[in-house]
Amino acid sequence: MISSNADIALTELMLHAAHIGQQVTRIRGQGAAAQGQVRAEVDADGTLTGLSIDDALQGTAMRELARLVVEAQQAACAQAGASAAALRRTFTDNPYAASLLHQSAAAGMRAAQSKPPRAQRPYATESYDEPLPPGTVGPSDWRDDWDLPQRAW
């Protein structure tokens with residue numbers, strides 16, 4: 001049985017992880033291109049949440065404008081990613097959390113190594129757009145080895 005001190009520590013760690021998760025969802029990264037004429041904002045996942053393009057770029061070729069938008073978004077993603085990583089480190093740098101994560105990863109590796117490899121059976125991976133000629137084996141015919149139809153010779 002786990003001692004009550006360990007229970008309390010684990011509960012506190014879980015609350016800390018939940019708090020960090022909430023903080024990560026509020027992260028926004030800002031990036032700019034063309035001396036600030038194109039500005040992008042993204043969330044911690046890199047999803048674009050805001051975009052502004054200065055009117056001075058009105059005559060710019062679409063290809064160049066698209067490149068500037070991508071440049072601004074990439075800068076915003078880099079900023080948001082760095083902020084999220086810093087927040088997550090406050091959790092993973094906790095010695096208790098690091099120990100639990102290490103034990104969990106080791107247990108997962110042991111479980112994966114203990115499973116015998118599964119026998120692979122052939123299966124069709126391509127879809128067919130047109131009907132197959134009679135007697136041809138297709139994806140719907142790949143059931144069990146003993147159920148495969150015989151090709152007409």
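Now for a look at the structure at hand.

Reading the values: rules and limits
- Residues numbered from 1 in each chain as written.
- Predicted model: local features only at pLDDT ≥ 70, side-chain atom pairs only at ≥ 80, totals over all residues.
- Heavy atoms only, no water.
- Helix = DSSP H or I, 4+ residues; strand = E, 2+ residues; numbered from the N terminus.
- Contact = heavy atoms within 4.5 Å.
- Pairing = 2+ DSSP bridges.
- Salt bridge = Lys/Arg side-chain N within 4 Å of Asp/Glu carboxyl O.
- Core = buried A, V, L, I, M, F, W, Y, C linked by side-chain atoms within 4.5 Å.
- Buried < 20%, exposed > 50% of the residue type's maximum accessible area, 1.4 Å probe, protein only.
- Axes fitted to C-alpha atoms, helices over the stretch in contact; angles between N-to-C directions.
- Expected span 1.5 Å × (residues − 1).
- Patch = residues over 30% accessible without salt bridge, like charges linked within 9 Å, V, L, I, M, F, W, Y side chains within 5 Å.
- Areas by Shrake-Rupley, 256 points an atom, 1.4 Å probe, with all protein chains shown as cover.

**Section: the overall build of the protein**
Right, so step 1: Each helix and strand in the protein was counted, giving three helices and three strands.
Right, so step 2: Ordered by position in the sequence, the α and β elements of the protein form the string α-β-β-β-α-α.
Right, so step 3: Restricting to contacts in the protein with at least 6 residues of sequence separation, those with at least 24 account for 48%.

**Observations regarding the pairing of strand β3 (residues 48-53)**
Within a regular strand, the side chains alternate between the two sheet faces.
Right, so step 1: Pairing of strand β2 (residues 38-43) with β3 involves five bridges; the strand directions are antiparallel. Each bridged residue has a counterpart across the sheet, and for Val-42 the counterpart in β3 is Leu-48.
Right, so step 2: Between β2 and β3, which pair antiparallel one after the other, the connecting turn spans four residues, and Gly-46 there sits at a positive phi close to 90 degrees.

**Considering the pattern of salt bridges**
Right, so step 1: One pass over the structure, following the stated rule, counts two salt bridges.
Right, so step 2: Residue Glu-71 is joined to Arg-67 by a salt bridge in which the shortest nitrogen-to-oxygen separation is 2.9 Å. With Glu-71 and Arg-67 both in helix α2 (residues 62-92), this residue pair falls four residues apart, about one helical turn.
Right, so step 3: A network of salt bridges, in which partner residues are shared, links Glu-64, Arg-67 and Glu-71.

**As for the nonpolar core**
Among soluble globular proteins, nonpolar side chains are generally buried collectively.
Right, so step 1: One finds Leu-13, Ile-20, Val-24, Ile-27, Val-42, Ala-76, Ala-80, Ala-84, Leu-87, Phe-91 and Ala-97 forming the largest nonpolar core, which totals 11 residues.
Right, so step 2: Listing elements by their share of this core, those giving two or more residues are α1 (4-25) and α2.
Right, so step 3: Looking at this core, the element that brings in the most residues is α2, giving five residues.
Right, so step 4: Leaving out residues up to four positions away in the same chain, Val-42 has contacts with Ile-27, Arg-28, Gly-29, Thr-47, Leu-48, Thr-49, Gln-73, Ala-76, Cys-77 and Ala-80.
Right, so step 5: Of all hydrophobic cores here, the second largest spans nine residues; its members include Val-38, Ala-40, Leu-68 and Val-69.

**Focus: the sheet that holds β2**
Right, so step 1: What the three strands build is an open sheet, ordered β1-β2-β3; its pairing is antiparallel. Looking at the sheet topology across the chains shown, the edges are occupied by β1 (28-33) and β3. Neighbour-to-neighbour, the strand axes of the sheet open up by a mean angle of 15 degrees, direction not taken into account.
Right, so step 2: Contacts from α2 reach β1, β2 and β3, with the element oriented near 145 degrees to β1.

**So, α2**
Right, so step 1: An ideal rise of 1.5 Å per residue puts 45 Å on 31 residues; α2 measures up with 44 Å between its terminal C-alpha atoms.
Right, so step 2: Every buried residue of α2 is listed here: Leu-65, Leu-68, Val-69, Ala-72, Ala-76, Ala-80, Ala-84, Leu-87 and Phe-91.

**Focus on a nonpolar patch on the surface**
Right, so step 1: On the surface, Leu-10, Met-14 and Tyr-96 cluster together to form a nonpolar patch covering roughly 270 Å² of accessible area.
Right, so step 2: Positionally, Leu-10 belongs in helix α1.

Function cannot be inferred from these measures alone, as they are strictly geometric.
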